[in-house]
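Residue strings, one per chain:
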Amino acid sequence: MVKSTLVVRASDALPLAASVDDESIEQDLSEHKQQAKLIFRRISPNSEPRCSIESGQYTLHYLIADNVIYLVITDKSYPRKLAFSYLDELSKEFQTSYGAKVDTVRKPYAFVGFDTFMSKTTRLYQDTRTASGAGAGHLDKLNDELQDVTRIMTKNMEELLWRGDSLDRMSHLSTSLRSESEKYRKAARNINFQAMLRQYAPIGGVVLLLIILLYWRFS
């Protein structure tokens, strides 16, 4: 389920717009909204443009486009495909309506009127379990048709808070390269071991046969 949405300027984390959340959601997500501010501060020009960050029972998904960060907090079970489709729709509409003004505004929440579009879009992307009739069918169809999200980086909030992990592309690439390098080393060791067996197995067989013959001869 889509819980809350934040839109900020990437260059300085100035809040541009946000969903209007009821009191219960505000209380439930107070810690996660603080975590969102941490994410905004961690984002740099080298950061991944799309990322999912898991935090307890929720996941924070963000999309960076045209110096704007779009972040949505969803239940952990909510499909990533739908989360990023939702963010894509927000980014396209926001760029069309306010893109030319993003770099010039000075006060927070200068585009508070964007909440109308966010509310309408949120209703479309609400929980597939509670959506009924055509709404649920639309979400299921949309989820099937969306682009693959398996390449989108996934992080854990604990890694960002306590281990100083990075959101940069190079950090993600380095992790992937280390993983691939380890796989390569394991494969190389297996190949070398098999080659050694093929090379020395006949000799070992002859030696073993000689030992057996000598044992049989002198026993």
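Computed from a predicted model, the values in this text were never measured in an experiment.

A.B. asks: What is the right way to read the pairing of strand β6 (residues 153–156) from this model?
C.D. replies: Within a regular strand, side chains alternate between the sheet's two faces. Taking every second residue as pointing to the same face, the buried face of β6 carries M153 and K155, while none of T154 and N156 on the other face is buried. Note that strand β3 (residues 50–55) and β6 share 4 bridges and pair parallel. Pairing of E54 across the sheet is with N156, part of β6.

A.B. asks: Can you walk me through unusual backbone geometry in this structure?
C.D. replies: Generally, phi is negative for residues other than glycine and the peptide bonds are trans, each holding for most cases. A positive phi is found at A13, a non-glycine position, where the angle reads about 60°. As for its placement among the helices and strands, A13 is situated in the loop between β1 (2–9) and β2 (15–18).

A.B. asks: Any chance you could explain the pattern of salt bridges here in plain terms?
C.D. replies: Oppositely charged side chains can form a pair if their charged atoms are brought close together. Under the criterion given, the structure shown has 4 salt bridges. Here D12 ties to R9 by a salt bridge, and the two come within 2.7 Å at their closest N and O atoms. A residue is classified by how much of its surface remains accessible, and D12, at 42% relative accessible area, is partly exposed. In this structure, the salt-bridge partner of K33 is D21, at a minimum N-O distance of 2.7 Å. Of this pair, K33 sits in helix α2 (residues 30–42) while D21 sits in the loop between β2 and α1 (23–28); the two residues are 12 residues apart in sequence, bridging distant segments of the chain. We note that K33, like D21, is buried.

A.B. asks: Even after reading the chapter, I still don't get the side chain of S19, so can you show me in this structure?
C.D. replies: With respect to the helices and strands, the residue S19 is situated in the loop between β2 and α1. A polar side-chain atom of S19 sits 3.5 Å from a polar atom in the side chain of S4. Not counting residues up to four positions away in its chain, the partners in contact with S19 are S4, T5, D115 and M118.

A.B. asks: Any chance you could explain the environment of A65 here in plain terms?
C.D. replies: Turning to its location among the elements, A65 is positioned in strand β4 (residues 58–65). A C-alpha to C-alpha distance of 9.8 Å links A65 and R9, two positions 56 residues apart in sequence.

A.B. asks: Explain the environment of L14 here, please?
C.D. replies: As for its position among the elements, L14 is in the loop between β1 and β2. Judged by its relative accessible area of 12%, L14 falls in the buried class. When the C-alpha atoms of L14 and I69 are compared, they prove to be 10.0 Å apart, with 55 residues separating the residues in sequence.

A.B. asks: Where do I start with α2 in this structure?
C.D. replies: Residue pairs spaced three or four apart in an α-helix point in one direction, given the helix's 3.6 residues per turn. The end-to-end C-alpha distance of α2 is 19 Å, a good match for the 18 Å that 13 residues give at a rise of 1.5 Å each. Turning to α2, its buried residues are H32, K33, Q35, A36, L38, I39 and F40.

What counts, and at which threshold
Counting starts from 1 at the beginning of each chain's written sequence and moves along it residue by residue. Since the coordinates come from a predicted model, pLDDT governs what is reported: local features require at least 70, and pairs of side-chain atoms require 80 or more to be given and counted, while whole-chain, interface and lining totals use all residues. Note: side-chain values were computed over all heavy atoms of the structure, leaving out hydrogens and water. Throughout, exposure labels follow a simple rule: accessible area from a 1.4 Å probe, protein chains only, divided by the maximum for the residue type, with under 20% read as buried, over 50% as exposed, and the rest as partly exposed. Under the scheme used here, helices are H or I runs from DSSP no shorter than 4 residues and strands are E runs no shorter than 2 residues, and both carry numbers assigned from the N terminus. Pairing between strands requires that DSSP locate at least two bridges from one strand to the other. Any Lys or Arg side-chain nitrogen found within 4 Å of a carboxyl oxygen on Asp or Glu counts as a salt bridge. Between N or O atoms, a polar contact is any pair within 3.5 Å; within protein, one atom must be a potential hydrogen donor and the other a potential acceptor, and residues adjacent in sequence are included only when both atoms are from side chains. The contact rule is simple, with two residues in contact once any of their heavy atoms fall within 4.5 Å. To estimate how far a helix should reach, multiply one less than its number of residues by 1.5 Å.

Just distances and angles here, no functional claims.
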